[in-house]
Amino acid sequence: PLRAKQMLFADDGSLWLTEAGVGVRRLRDAASVPTGRSLGPADELERFSRDDGLPANVVVPLVQGLDGEVWVGSNQGLSSFRPQRLHRLTALGSSEPAGFTVAAADDGVVAFSGRRAVRWSPPESPAVLTEPLHFRAAVSDGTGTLWLVHADGIWRERAGRREQVWRYAERRQY
């Protein structure tokens, strides 16, 4: 049975699923599955795994960039899907036991692990960000502002400047 951890309906009508220990699955035409029927072998779910270039088969974060590129993260790296190609980002290191988050930003993504942060817009090389605080979640709004969740509060980054906008009364444990 399929055990999806996260899903994404992409702009092209495809359905993307992350599945623990398996990698990423894609159904090219999600609308082709009739209402009331479960996904099954006849639906031809494509599978992408470490053998295809993913950094690991245990993946969770899944987001679509503003340019339509689908990004997937794991504790061992970040990958992006474009038609007929897969990118692997190794700039975050080989393993991150404390977690990993990724968000669409500008024409690429920004990714945070416990030790590093990078901004990446392929085909350019990843740019390592300064002050890579350990953010647990990140999301970009319609204005291009990046909102970040940290154990001590909420931060935002815009026009190259990062500032804390809300401080928790007590430090949160995640």
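Up top you'll find the structure we're talking about.
A brief structural summary.

Comments concerning the pairing of strand β13 (residues 135–140)
Here is step 1 of the chain: Across five bridges, β13 lies against strand β14 (residues 146–150) in antiparallel orientation. Directly across from S140, in β14, lies its bridge partner L146.
Here is step 2 of the chain: Counted between consecutive antiparallel strands, the loop separating β13 from β14 contains five residues, among which G144 sits at a positive phi close to 90°.

Some points on unusual backbone geometry
Here is step 1 of the chain: One non-glycine residue with positive phi stands out, namely E44, at about 50°.
Here is step 2 of the chain: Relative to the assigned elements, E44 resides in the loop between β3 (23–27) and β4 (46–48).

Some thoughts on the sheet that holds strand β10 (residues 108–113)
Here is step 1 of the chain: One open sheet holds the four strands; their spatial order is β9-β10-β11-β12, and the pairing between them is antiparallel. Each of the sheet's edge strands pairs with one partner strand only, and the pair in question is β9 (100–105) and β12 (127–128).
Here is step 2 of the chain: Where β9 meets β10, six bridges bridge the pair, whose relative direction is antiparallel. Paired with T101 across the strands is F112, a residue of β10.

Describing the pattern of salt bridges
Here is step 1 of the chain: Scanning the entire structure with this criterion turns up nine salt bridges.
Here is step 2 of the chain: With its nearest N and O atoms 2.9 Å apart, the salt bridge here joins E163 to R156.
Here is step 3 of the chain: Bridged by salt links that share partners, the residues R26, R28 and E46 form one connected network.

Cut-offs and rules
- Note on numbering: residues in each chain are counted from 1, in written sequence order.
- With the structure being a predicted model, the display of local features is reserved for residues of pLDDT at least 70 and the display and counting of side-chain atom pairs for 80 or more, all residues being used for whole-chain, interface and lining totals.
- Heavy atoms from the whole structure form the basis of all side-chain values; hydrogens and water molecules are not counted.
- In this scheme, strands are said to pair when DSSP sees at least two bridges between them.
- Secondary structure elements follow DSSP: runs of H or I of four or more residues count as helices, runs of E of two or more count as strands, with numbering from the N terminus.
- Any carboxyl oxygen of Asp or Glu within 4 Å of a side-chain nitrogen of Lys or Arg constitutes a salt bridge here.

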